Amino acid sequence: MSQSEHALKIMGVGKRFGVTNALSGISMNLARGEVLGLVGENGAGKSTLMKILSGAHARDEGDIEIDGVRVDIRQPADAQRAGIGIIYQELSLFPDLDAVENIFIGQEMSVGKYPNMTVPLRKKAMRDCAARILNDVLGVEIDLDCPVGSLALAQRQIIEIARALNSNANILIMDEPTEALEKAEREQLVRIINDLKQAGKSVIYVSHKLDEVLKICDRVVVLRDGACVADLPASSLDVNKVISLMIGGSLAKQFPTKSSPGADPVLKVEGISRRGAFENVSFELHEGEILGVAGLEGSGKSRLLRALFGDGASESGRILLKGRSTSISSISDGMNNRIAFLPAERKTEGIFAEHSVGWNLTASSLSKFGGVRLDRRAERIQCTNYIRKMGIKSEGPQQSIGRLSGGNQQKVLLARWLLTEPDVLLLEEPTRGIDIRAKADVYQLIASSAQAGKGIIVVSSDCTELLGLCHRILVMFEGEVVGILDAASASEEAIASLSIQRT
Amino acid sequence: MKRSFCNSLAAGLIVAVVVPGVAFAADYGAVFPGFLMDKVIPPTGKEAKPQVKTNRPLKVGFLPTAMDTYYQRVLAGVKEEIDRAGGPSTIQLLVQAPKSQSATDDQVRTMEAWINERVDAIAVALYNEGALEPLIRRATEAGIPVFLFNSPVADDPYYVSDIGYDQSDGGRAQAQWIVDNYKDKGEVKIAVLEGLPGPHTAQRMKGFNEVLSKYQNLKIVAKQPAGWVRAQGLTVTENMLTAHPDVDILVALYDEMALGGLQALKARKLNGKIAIVGYENMKEANDAIKVGDFAATVDTGAKEEGRNIIRAVEQFVMKGESVPKKIFVAPKTYDAKNIGTFDPADYIYVAKNTK
Amino acid sequence: MSTQALDTKTPVSKFKLSGGASGIVIALIVIIVALGVASPRFLSVGNLTDITRQAVFVAIIAFGATLVIAMRGIDLSVGSTLAFTGLIAADLMNRGFNPYLSVGASLAVGTLIGIVNGVLVAKVKIADFIVTMAMMVITRGLIMVYTEGIPLTGLSNPSFQVFGQGFVGFVPMPVLVTILTFAAVYFLLYQTRLGRYTLSIGSNPEAARLVGIRIDHIKIAVYALTGFLAALSGVLLTSRLEAAMPEAGEGYELDVIAAVVMGGTSLAGGRASLLGTAAGAVLMAVVRNGLNILNVNTFWHQVVIGAIILLAVCADKFGGRSRDT
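In this text the structure is predicted, and so the values were computed from the model without any measurement.

Student: Before we move on, can you summarise the overall build of chain B with the specific residues and values?
Tutor: From N to C terminus, chain B includes 11 helices and 12 strands. What you see for chain B is a C-alpha radius of gyration of 21 Å, in line with the 20 Å of a compact globule of 355 residues. Here the C-alpha coordinates of chain B stretch approximately 70 × 45 × 40 Å along the principal axes. With 355 residues in all, chain B has 59% of them scored as buried. Long-range contacts, defined as pairs at least 24 residues apart, comprise 78% of the intrachain contacts of chain B with a sequence gap of at least 6. A total of about 14200 Å² of accessible surface is found on chain B, and carbon and sulfur atoms cover 56% of it.

So, in structure tokens, the structure goes:
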């Protein structure tokens, strides 16, 4: 390693898509052993910058130096050679291969001097090497033999880090690494980042979780509209300051005021169970109430939510809707009973990417638009209404949904379900992967739906969100309800301790 | 070991060539009516030897390239001849057909099964020259004589006898009919529907061109493939007529394609005006001649081919007498003048007791 | 991501769901012009009538297959279904049944074959490729069992002949039937919930399930439609030839898929261009017609057809479609 001042130096990098400047004249440095936070709203240019560093996009102007040497990164192999490793938000592992195979993918150790595709692999050596990286460097125990698809998300992420380290990466770029992680797993990741820092690796940490960024990073770079608007030590910043830098003004308020729920229960659940998912769950949901559900991954919170919709329905117990006992055994049952469900995975479970905003918006309520022949005019009018009402930034119902930002896509999906005029709205991670302003909008929309008398259940792994948005929070552990907290008096710590252990 | 094998081969060759091929050639006419002596070629000596098998029923495998109108007619001849020879208690017929024309691998499987089962004789139709040679060799070495029918043959020394007709004679017969009827009629334009590229198309066209090329006024203006099938015969004829609306004669190397061509002519009210010369004398073609839609077709003696298969088996496997290497008959041309002489019973299997 | 910034710069696409068919249309026009130059007779009314009449058999089936493929499915059984149903119509008529009744029965059997395909795919959850391949082999086998390889002929009843050979004004009956079929399928695909749901399933099956679409019902309906259309094509072909051929429709499954894909419908599902499919089917007939008219050497035919398929797909990929995903 040469002894230049900076591990990475970016000088005046710019990128255009057509006539749009996605990035213009970005300059910044990254010291060895430094953790740099990179924040900005969606569309601010974070992804573009990361894609340039990882070789997915080629830059149009500017220079990049690594260890004082100018490098030309045009494709992913260039980035790897330059010692840049990237850990993506959407994991890029091969689910059917085991940890060792994943860590060594593309750089397998093989027998003999002249490696080619057909010589035998040195499986033992690779296994030892993988074990060393995981156990000694990262300090974790991971089953090396099972397909990574069956491992927990946090473990898969660690395998990605191991893969980057194995390819001699000195600069690690982490894109929303904690987005889908539970608290304990997040803490493990923070520890790993600190270890990497001690070992002289540099980290670029990209996240929407500003409190976390401030806690983990040494320095924070804020991007807005493709330009660098701040480059400050983390110690000099707080969350509100960062937000105002990001949006170029100040945000009035993240969470809306809670209105008080009505007296009548819209949904009453009595001892419902589903084998291997959840057991003996009972609760009441009132009109206008927002009920949060917290719990670790695998605690049964998502399975419970989906069961109420009719997807993987409960096998025993009683469900009462507005006081009437109802059987919900399929999605059709759920929909016929005016229940709506917004799934967590926007891309794989939510949007029809090839199609327009309007198409996506009316997908679950087409029967409202004409009998045999669809009344496309009525459909378009209704869509235009909702686009305005929900504040969806688009060119109209005909625009392809793939061109919208995550936040606006989420609003379309929310509109899709509001259009069905549901009594009960089931929301799974409603703000995952969307930016601050969109989050505030989504919270506002949820609150006003509650105000309109709907019962709402929100499953989320973000405790701040649950506390800020919900009236009560139901905590689950290993398929059972271990507590129902009043949001006004609860704390993140209280939720966490309930989620981890029964009290 | 090897030397003695060679010696016996040589001896067999001499006997085969000198004795049956020449000395008794004249007698074959009595066994195989209409048999063409000039088509006979000398045996190679590698064939199975004549044998007298006494087991009854004799198991004979019949393996065409596919089951269609033509092979059904061959099969009718086979069955009638078996009836004459004593019925199923004398010869038990095993019939297998591959799922499509080009499924040679299906034929391989059937041949292997029959060799393992030790059938007494195999009659097989080849799709290509030289196809199945290893299997024919295996059967021969296992003592099972192999007879070919309706096959293009090249360099296969192991089969006992090739039964059928000379494909190029078929083409010659078509061309000869055109010559006989059109040679004095000034310039005559001919369009040809070929089959799929392959030996059948090549040999028929060879005979056809051989005869036709001697006459300057008879011109082939279009020649296109129609895959042996009716649907393509229809579309390709339509398309050729667009390019050459002034065609006088439509020749098809198979009646199926000719019948498709007839549909195209009918749609343009040209049936009877453009002369259709078919090939095979299928029942429908025969009917079409009677009403004037077809001008002529060539009968290649399918039923006789079937009869000759069983006659050869009888001679070779039951009586232990040799048979000629080629048992060919002459194709016969039918048109409006002689169609009345054709016996419609030739299309079907006529069971013996109803005769 | 900078998509938001990009949006304002790109022109608004029309609220049109028919997908991009411009590539294939350009390819078709280029080839037609080229053939028109090469042979003056190519552009004659008679020849163009012939071409459309030749294209209909593949086109009708391809309309159904467009929905199947847009749903991320595949149907290999169409060629055999065509032959099987054609045979049923012919056989019933030969047994003295009324032609309309025979045709009705044939269409019913085609629909039934489609339903069986659909149930095996959607309910029993066997891979569509396997189900329809097995169906292709089984029906073809049954045809051989019944016909022993011999065509069924003698279908000279005029009220049956009219399906394949008749004219309405200047328009050949089979072409008219195809146009009506196109209109009906177009309506189904772009104007009804069935079409919307079909495309939704192809676009994102999991999302489709979670918006309450009964995926199994839609799949069965779409396979049934395709079976029905294969039977319709079978009736037209049988009437055109006045015979039911045991080998009819062999290889149609590939022609059909080629027509659909050339037309711009993605094998990955979610998008469908029915107009493109029609253009694809016509293109194949145009090319075969051109080869015959120009008297191209037999051995080159398959090479040319394969090359045209590739060219058409390339034209669609690079020429017409705007990328808005």
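Student: Explain the sheet that holds strand β4 (residues 61–66) of chain A to me, using residue names and the numbers behind them.
Tutor: Residue and element names in this part refer to chain A. Strand order in this open sheet of four strands is β2-β1-β4-β5, and the pairing throughout is antiparallel. Two strands bound the open sheet, and with one partner strand each, they are β2 (20–31) and β5 (69–71). Averaged over neighbouring strand pairs, the angle between their axes works out to 25 degrees when direction is ignored. As judged from the eight bridges shared by strand β1 (residues 6–17) and β2, these two strands associate in the antiparallel manner. What sits directly across from histidine 6, in β2, is alanine 31.

Student: Explain the packing of aromatic side chains residue by residue, including any values.
Tutor: Residue and element names in this part refer to chain B. Tallied over the full model, the rule gives 18 aromatic pairs over all chains. Between the aromatic rings of phenylalanine 32 and phenylalanine 35, the centroid separation amounts to 6.4 Å while the plane-to-plane angle is 50 degrees, which identifies the pairing as tilted. Note on phenylalanine 35: relative accessible area 11%, which makes it buried. Aromatic rings pair up to connect Phe62, Tyr70, Tyr71 and Phe149 into one cluster. The side chain of lysine 79 reaches across the aromatic face of tyrosine 349, ending 5.5 Å from its centre. The side chain of lysine 325 reaches across the aromatic face of tyrosine 159, ending 3.9 Å from its centre.

Student: Describe the interface of chain A and chain C, listing the residues and the values that go with them.
Tutor: Tallying the contact residues gives 54 residues for chain A and 40 residues for chain C. Counting the surface lost from both chain A and chain C, the interface buries some 4100 Å², and carbon and sulfur atoms represent 53% of this. It is A:Trp359, A:Arg376 and A:Arg403 that lose the most area in chain A upon contact with chain C, and together they represent 19% of the buried surface on that side. At the boundary of chain A and chain C, one finds 10 residue pairs in polar contact (both at pLDDT 80 or more). The greatest single-element share of the side of chain A that touches chain C, amounting to four residues, is contributed by helix α11 (residues 346–350) of chain A.

Student: Outline the packing of helix α8 (residues 173–191) of chain C against helix α9 (residues 193–203) of chain C, supporting the account with residue identities and numerical values.
Tutor: All names here are of chain C. Packing of α8 against α9 leaves a shortest axis separation of 5 Å and a crossing angle of 65 degrees. The angle between α8 and α9 falls in the class roughly perpendicular. Across the interface between the two elements, Leu188, Leu189 and Gln191 of α8 pack against Arg193, Leu194, Gly195, Arg196 and Leu199 of α9. Among the residues making up the contact of α8 with α9, the classes are represented as four nonpolar, two polar and two charged.

Student: Residue-level account of the interface of chain C and chain B, with values.
Tutor: Across the boundary between the two partners, chain C contributes 30 residues, which contact 28 residues of chain B. Summed over both partners, the interface of chain C with chain B comes to about 2500 Å²; 50% of that surface belongs to carbon and sulfur atoms. Three residues, C:Leu241, C:Asn292 and C:Thr298, lead the burial of chain C against chain B; their summed loss comes to 23% of the area buried on that side. Where chain C packs against chain B, one counts four salt bridges. Here C:Arg53 makes a salt bridge to B:Glu238, at a shortest N to O gap of 3.3 Å. Linking chain C with chain B are 17 residue pairs in polar contact (both at pLDDT 80 or more), by the criterion used here. Counting residues per element, the ones that place at least two in the side of chain C that touches chain B are α3 (45–70), α11 (215–241) and α13 (274–293) of chain C. Within the side of chain C that touches chain B, the residues separate by chemical class into 11 nonpolar, 11 polar and eight charged.

Student: Please provide a residue-by-residue account of the pattern of salt bridges, values included.
Tutor: As enumerated under the stated definition, the model contains 66 salt bridges over all chains in all. Its salt-bridge partner being A:Lys368, residue A:Glu421 comes within 3.9 Å of it at the nearest N-O pair. Linking A:Glu421 in the loop between α14 (406–418) and β17 (424–428) with A:Lys368 in the loop between α12 (357–361) and α13 (376–389), this pair joins segments that are 53 residues apart in sequence. The class of A:Lys368 is partly exposed, set by a relative accessible area of 40%. The closest approach of N and O atoms between B:Asp120 and B:Lys53, which form a salt bridge, is 3.4 Å. Residue B:Asp120 is located in the loop between α4 (104–117) and β3 (121–124), and its partner B:Lys53 is located in the loop between α2 (28–31) and β1 (58–63); the two are separated by 67 residues in the primary sequence. By relative accessible area, B:Asp120 is classed as buried at 6%. Given a relative accessible area of 16%, B:Lys53 falls into the buried group.

Student: I'd love a proper account of the arrangement of the chains, names of residues and values included.
Tutor: No other pair of the two pairs of chains in contact has as many contacts as chains A and C. The two units chain A and chain B remain apart, with a minimum C-alpha distance of 33 Å.

Student: Break down empty space enclosed by the protein for me, citing the residues and quoting the values.
Tutor: Residues and elements named next belong to chain A. In total, this model carries six cavities of 30 Å³ or more according to the counting rule given. If you add up the space inside the largest cavity, you get close to 110 Å³. Surrounding the largest cavity, Glu179, Arg186, Lys209, Glu429, Thr431, Arg432, Lys439, Ser460, Ser461, Asp462 and Glu465 form its lining. Tallied by class, residues from the lining of the largest cavity come to no nonpolar, three polar and eight charged. Shared between two domains, the lining of the largest cavity takes at least three residues from each, and those domains are domain 1 (3–247) and domain 2 (252–338 + 422–503).

Student: How would you explain helix α9 (residues 255–267) of chain B if you had to name every residue and give the values?
Tutor: Residue and element names in this part refer to chain B. The end-to-end C-alpha separation of α9 is 18 Å, in line with the 18 Å expected for 13 residues at 1.5 Å each. Taken across its 13 residues, α9 has 11 buried, putting it largely inside the fold. Those residues of α9 that sit buried are Asp255, Glu256, Met257, Ala258, Leu259, Gly260, Gly261, Leu262, Gln263, Ala264 and Leu265. Trailing α9 by a residue or two, lysine 269 shows a phi angle of about 55 degrees, which is positive.

Student: I'd love a proper account of the confidence of the model for chain B, names of residues and values included.
Tutor: Residue and element names in this part refer to chain B. Per-residue confidence for chain B averages 88 on the pLDDT scale, and 91% of its residues sit at or above 70. Within chain B, strand β8 (residues 249–252) carries the highest mean pLDDT (98), whereas helix α1 (residues 2–23) carries the lowest (46). The low-confidence segment residues 1–6 (pLDDT under 50) makes zero contacts with residues lying over four places distant or belonging to another chain. Below a pLDDT of 50 lies the segment residues 9–23, which in the model reaches 17 contacts outside its immediate sequence neighbourhood of four places, other chains included.

Student: How would you explain the side chain of A:Arg163 if you had to name every residue and give the values?
Tutor: Residue and element names in this part refer to chain A. One can find arginine 163 in helix α5 (residues 153–166). The class of arginine 163 is buried, set by a relative accessible area of 15%. Once residues within four sequence positions are removed from consideration, arginine 163 is found in contact with Ser92, Leu93, Phe94, Asn102, Ile103, Ile105 and Gln107.

Reading the values: rules and limits
Residues numbered from 1 in each chain as written. Chains lettered and ligands numbered in written order. Predicted model: local features only at pLDDT ≥ 70, side-chain atom pairs only at ≥ 80, totals over all residues. Heavy atoms only, no water. Helix = DSSP H or I, 4+ residues; strand = E, 2+ residues; numbered from the N terminus. Rg over C-alpha atoms; globule rule 2.2 N^0.38 Å. Buried < 20%, exposed > 50% of the residue type's maximum accessible area, 1.4 Å probe, protein only. Contact = heavy atoms within 4.5 Å. Areas by Shrake-Rupley, 256 points an atom, 1.4 Å probe, with all protein chains shown as cover. Pairing = 2+ DSSP bridges. Axes fitted to C-alpha atoms, helices over the stretch in contact; angles between N-to-C directions. Phe/Tyr/Trp six-rings, centres within 6.5 Å; stacked < 30°, edge-to-face > 60°. Lys NZ or Arg CZ within 6 Å of the ring centre and 35° of its normal. Buried area = accessible area lost by both parts, 1.4 Å probe. Polar contact = N/O pair within 3.5 Å; in protein donor to acceptor, adjacent residues only side chain to side chain. Parallel < 35°, antiparallel > 145°, perpendicular 65-115°, else oblique. Nonpolar A, V, L, I, M, F, W, Y, C, P; charged D, E, K, R; others polar. Salt bridge = Lys/Arg side-chain N within 4 Å of Asp/Glu carboxyl O. 1 Å grid on protein atoms, 1.4 Å probe; cavity = no way out; pocket = protein on both sides within 12 Å on 5 of 7 lines; lining within 4 Å. Points joined across faces, edges and corners; volume = space filled by probe spheres on them. Domains from an automatic or database assignment. Expected span 1.5 Å × (residues − 1). pLDDT = per-residue confidence, 0-100.

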